[in-house]
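Okay, here's what each chain looks like letter by letter:
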Amino acid sequence: MTTLDVVIPVHNEERDLPRCVDRLLTELPALFPHSFRITVADNASTDRTWEIAQDLTREHDRVRAVHLPRKGRGGALKEVWSVSDADVLAYMDVDLSTDLRAVAPLVAPLLSGHSDLAIGSRLAHGARVVRGLKREVISRCYNALLHATLATHFTDAQCGFKAIHARAAHRLLPLVEDTAWFFDTELLVLAERAGLRIHEVPVDWVDDPDSRVDIVPTALADLRGIARMRRRTPRALPATAPERVPA
């Protein structure tokens, strides 16, 4: 059985995908002392991304690829994570903005049984972040809004660097409704409501100037997601208080 399944969700990333996979295959063996697999989750690309993903699977035993007909990072993660046989399921953005030296600290508490989910945080003490003022302000305001409206305790909902133990994933994924960018937030909120342990890892992170995230539509979708989570009555979740594990 594979210890770690690293999922790279992609949509029209023909330029970045090969160097992302090459970097992971080169660096992870020295940084992560367990078995791992890279899964490229192509969600409805219209360029050569799927063709390139298939080429990578033929070239490397540790790479597999899944083609999904619908666009949406959350939907891609939910579908791939739901059928993975790995002990720990992770995802990273294709730009690999997060320093890969954080992989072992991210996964270790899940393998030890200390935590159920682990998230990279650009806002936790000890993180080193290089990004523009606009994105910094938006990120901090969004997480402050989550704290105020949903009583969350995690510091960074949207960092594209997360891992979850398979046990927790199989419990939570059927309850997650969002298939786009709010997927991360919804997963974490459900985890806290279930009393699961969330470990935070301060990360070194460098902003990708070619980010494909459209800020205004994404922000509106996030606001709708927050409103939905405020109205939502937790289903099949124990009424224990959430526990946040300090980094």
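Scroll up for the structure.
So, a few notes on the structure that sits alongside this text. Predicted model, so just to flag it, every value in this text is computed and none were measured.

**Considering the overall build of the protein**
No. 1: Of the regular secondary structure elements, the protein holds 8 helices and 10 strands.
No. 2: In terms of overall size, the protein behaves like a compact globule, its C-alpha atoms giving a radius of gyration of 17 Å where 247 residues would be expected to give roughly 18 Å.
No. 3: Expressed along its principal axes, the backbone C-alpha trace of the protein runs to roughly 45 × 40 × 35 Å.
No. 4: In the protein, which comprises 247 residues, the proportion classed as buried is 51%.
No. 5: Long-range pairs, those at least 24 residues apart, make up 81% of the contacts in the protein between residues at least 6 apart in sequence.
No. 6: Total accessible area computed for the protein in this model is approximately 11,200 Å², and 55% of it derives from carbon and sulfur atoms.
No. 7: The centroid of the 32 positive side-chain charges in the protein is displaced by 6 Å from the centroid of its 34 negative side-chain charges.

**Section: a nonpolar patch on the surface**
No. 1: Judged by side-chain polarity, L145, V216, L220 and L223 come together as a nonpolar surface patch covering roughly 340 Å² of accessible area.
No. 2: Among the elements that take part in the nonpolar patch, helix α8 (residues 215-231) stands out by supplying 3 residues, more than any other.

**Section: the packing of helix α5 (residues 133-150) against α8**
No. 1: Packing of α5 against α8 leaves a shortest axis separation of 11 Å and a crossing angle of 10°. Our classification of the angle between α5 and α8 gives roughly parallel. On α8, the residues touching K134, R135, I138, Y142, L145, L146, T149 and L150 of α5 are I215, D222, L223, I226, M229 and R230.

**What about the pattern of salt bridges?**
No. 1: All told, the structure shown has 22 salt bridges when counted by the stated rule.
No. 2: Here D93 ties to R73 by a salt bridge, and the two come within 3.7 Å at their closest N and O atoms. Within this pair, whereas D93 is found in the loop between β4 (88-92) and α4 (103-111), its partner R73 is found in helix α3 (residues 73-83), the two being separated by 20 residues in sequence.
No. 3: Residue class for R73 comes out buried when judged on its relative accessible area of 8%.
No. 4: Across the salt bridge formed by R140 and E136, the nearest N and O atoms sit 2.7 Å from each other. Linking R140 with E136, this pair stays in helix α5, spanning 4 residues, or about one helical turn.

**Comments concerning the side chain of E186**
No. 1: Note that E186 resides in helix α7 (residues 183-193).
No. 2: The contact partners of E186, leaving out residues within four places of it in the chain, are L175, V176, E177, D178, R228, M229 and R232.

**A word on the packing of helix α1 (residues 16-31) against helix α2 (residues 49-59)**
No. 1: Contact geometry for α1 and α2: axes closest at 9 Å, N-to-C directions at 25°. Taken together, the axes of α1 and α2 lie roughly parallel to each other. The interaxial crossing formed by α1 with α2 has right-handed handedness. When α1 is examined against α2, the residues L17, P18 and V21 are found in contact with a partner set consisting of T49, I52, A53 and L56.
No. 2: A class-by-class count of the residues in the contact of α1 with α2 yields 6 nonpolar, 1 polar and no charged.

What counts and how
- Residues numbered from 1 in each chain as written.
- Predicted model: local features only at pLDDT ≥ 70, side-chain atom pairs only at ≥ 80, totals over all residues.
- Heavy atoms only, no water.
- Helix = DSSP H or I, 4+ residues; strand = E, 2+ residues; numbered from the N terminus.
- Rg over C-alpha atoms; globule rule 2.2 N^0.38 Å.
- Buried < 20%, exposed > 50% of the residue type's maximum accessible area, 1.4 Å probe, protein only.
- Contact = heavy atoms within 4.5 Å.
- Areas by Shrake-Rupley, 256 points an atom, 1.4 Å probe, with all protein chains shown as cover.
- Lys, Arg positive; Asp, Glu negative; His and termini not counted.
- Charge placed at Lys NZ, Arg CZ, Asp CG, Glu CD.
- Patch = residues over 30% accessible without salt bridge, like charges linked within 9 Å, V, L, I, M, F, W, Y side chains within 5 Å.
- Salt bridge = Lys/Arg side-chain N within 4 Å of Asp/Glu carboxyl O.
- Axes fitted to C-alpha atoms, helices over the stretch in contact; angles between N-to-C directions.
- Parallel < 35°, antiparallel > 145°, perpendicular 65-115°, else oblique.
- Left-handed = near helix turned anticlockwise from the far one by under 90°.
- Nonpolar A, V, L, I, M, F, W, Y, C, P; charged D, E, K, R; others polar.

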